[in-house]
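# Structural characterization, general
This is what each chain is made of:
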Amino acid sequence: MCNTGKSHRLMPDQDGLQRAAQALSAGELVAFPSETVYGLGADARNDLAVAKIFDAKGRPRFNPLIVHLPDLTSAEAYAHFDNNARALAQAFWPGPLTMVLPLRQDAGLASLVTAGNDTVALRVPAHPVAQAVMRAFGGPLAGPSANPSGKISPTRAEHVLEGLGDRIAAVVDGGPCEVGVESTIVGFDENGPVLLRPGGLPVEAIAQCLGVPVPARTEGGAITAPGQLSSHYAPDAGVRLNATVPRKGELWLGFGPECADATLSLSLGGDLVEAAANLFHHLRALDDMAAPGQSIAVAPVPEHGLGLAINDRLRRAAAPRP
Ligand code: TXA
Ligand code: MG
């Protein structure tokens, strides 16, 4: 599929679905309709493809993303379902419910999808075109709402093209979205289900299905709130930022050609999308490599484009530990 800087509007027929699947397999971004809002899809196993989502949306932070799957059976390859989670899946999937569940060790998802966490948000959308795109593609689809960060979520293909038309490969046009608000997000802590975001499925329906109340997440609760990532994975090793040269004994995480001697480089060529794709992997790898007391120096990363999100995450990694 040729992409001349403007994205294609694809019809949800055999040809359009095949093009969408090909673009997704090639690591491109393809927006798709769901019954809630249009999602900005990328192969959830492909680090670079997922990094492109953050770049296209201009997201200032690496919020974790929802992974879309065609059914419960395929979802079970990515997370552990306990009895409550399985009951909700059976009652409300496909539909406007997202569940945050323990990530399976062998899930094979891009680390940007989970923001380096050990949980993953899973959703099985009901929209027939979402189902058709997922089945044509045959893999897990990472997908935030298909709007520029901070703008209103799109409920028509035209909205997607207005906001992101020059930044994505294609949008599959499935007409207007029925629900029009995002999915309800539920997580589980040691006390049971927790409402992380109200949405298209009434919380009362969830409470009725499980036979227990579903309180909204409170400040300081055990589950990380969307956008509130201060408790996210931080390396055990100390982290020193804006290190143009490493000090003696430090591991060095480089960026750009000036850091050719770095232990690992986010991107030798200074590409911010590549750097985002490598960020969580490299932090983890250096943390594993670090001897007790050894710290990680990080080269300066420019404060524009994905650099904003990368620096946000690095500042959290370098912040004093609780
Ligand atoms: O209806 C929807 O949910 C749409 C359609 C496209 O599926 N998607 C959507 O995605 O609204 P997004 O990225 O705009 O919102 C997903 C929310 C974010 O606020 C994110 O922080 C939260 O889900 N989230 C994702 N993974 C999480 C996790 N592991 N733990 C806690 N929150 C998570
Ligand atoms: Mg959104």
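Residues numbered from 1 in each chain as written. Chains lettered and ligands numbered in written order. Predicted model: local features only at pLDDT ≥ 70, side-chain atom pairs only at ≥ 80, totals over all residues. Heavy atoms only, no water.

The environment of ligand 1 is formed by 23 residues, the closest being Thr36, Arg59, His68, Arg123 and Ser183. Side-chain polar atom of His68 to an oxygen atom of ligand 1: 2.7 Å apart, as the coordinates give it. Contact between ligand 1 and Arg197: an oxygen atom at 2.9 Å from a side-chain N or O atom of the residue. The fraction of the free accessible surface of ligand 1 (690 Å²) that becomes covered by protein chains is 95%. At the level of secondary structure, the elements contributing two or more residues to the shell around ligand 1 comprise strand S4 (66-68) and strand S6 (119-123). Per element, the largest residue contribution to the shell around ligand 1 is three residues, and it comes from S6. (Near = heavy atom within 4 Å. Polar contact = N/O pair within 3.5 Å; in protein donor to acceptor, adjacent residues only side chain to side chain. Areas by Shrake-Rupley, 256 points an atom, 1.4 Å probe, with all protein chains shown as cover. Helix = DSSP H or I, 4+ residues; strand = E, 2+ residues; numbered from the N terminus.)

As a further point, take the sheet that holds strand S8 (residues 170-172). Adjacent strands of a sheet pair through backbone hydrogen bonds, lying either parallel or antiparallel. With mixed pairing, the 10 strands of this open sheet are ordered in space as S1-S8-S2-S3-S7-S4-S6-S5-S9-S10. Because the sheet does not close on itself, it has two edges, and the strands there are strand S1 (8-10) and strand S10 (192-197). Note: S4 against strand S7 (residues 141-142), two bridges, orientation antiparallel. Across the sheet, residue His68 finds its bridge partner in S7, namely Leu141. The sheet contacts of helix H2 (residues 47-57) involve strand S3 (39-43) and S7, and relative to S3 the element is tilted by about 150°. Packed on one face of the sheet, helix H4 (residues 83-92) meets strand S5 (97-102) and strand S9 (184-189) and runs near 160° to S5. (Pairing = 2+ DSSP bridges. Contact = heavy atoms within 4.5 Å. Axes fitted to C-alpha atoms, helices over the stretch in contact; angles between N-to-C directions.)

Here the focus is the side chain of Thr114. Assignment of secondary structure puts Thr114 in helix H5 (residues 111-114). In this structure Thr114 touches Pro64, Leu103, Thr119 and Val120, once residues within four positions along its chain are discounted.

Looking now at the sheet that holds strand S14 (residues 296-298). Within the open sheet, the four strands sit side by side as S11-S14-S12-S13. Their pairing is parallel. Because the sheet does not close on itself, it has two edges, and the strands there are strand S11 (239-240) and strand S13 (264-265). Of the strand pairs in this sheet, strand S12 (residues 251-254) and S13 are connected by two bridges, and their pairing is parallel. Looking across to S13, one finds that Leu253 is bridged to Leu264.

Summing up the model confidence of the protein, the mean pLDDT is 91 and the portion of residues at 70 or higher is 93%. Per-residue pLDDT stays below 50 along residues 220-232; that stretch engages in 26 contacts with residues further than four places along the chain or on separate chains. (pLDDT = per-residue confidence, 0-100.)

In this section: the pattern of salt bridges. With the rule as written, the count across this model stands at 12 salt bridges. We note a salt bridge from Arg86 to Glu76, for which the minimum N-O separation is 2.6 Å. Linking Arg86 in helix H4 with Glu76 in the loop between helix H3 (72-75) and H4, this pair joins segments that are 10 residues apart in sequence. Its relative accessible area of 25% is what places Glu76 among the partly exposed residues. The salt bridge involving Asp312 is made with Arg316; its shortest N-O contact spans 3.0 Å. Of the two residues, Asp312 and Arg316 are both situated in helix H10 (residues 307-318); the distance of four residues between them amounts to about one turn of the helix. For Asp312, a relative accessible area of 13% gives the class buried. Several salt bridges share partner residues, and in doing so they unite Arg9, Glu158 and Asp173 into one network. (Salt bridge = Lys/Arg side-chain N within 4 Å of Asp/Glu carboxyl O. Buried < 20%, exposed > 50% of the residue type's maximum accessible area, 1.4 Å probe, protein only.)

At a closest axis distance of 9 Å, the pairing of helix H9 (residues 272-289) and H10 adopts a crossing angle of 20°. Classified by the angle their axes make, H9 and H10 are roughly parallel. Crossing of H9 over H10 shows left-handed handedness. Each of Leu272, Ala275, Ala276, Leu279, Phe280 and Leu283 in H9 lies in contact with H10, whose residues at this interface are Gly307, Ile310, Arg313 and Leu314. A class-by-class count of the residues in the contact of H9 with H10 yields eight nonpolar, one polar and one charged. (Parallel < 35°, antiparallel > 145°, perpendicular 65-115°, else oblique. Left-handed = near helix turned anticlockwise from the far one by under 90°. Nonpolar A, V, L, I, M, F, W, Y, C, P; charged D, E, K, R; others polar.)

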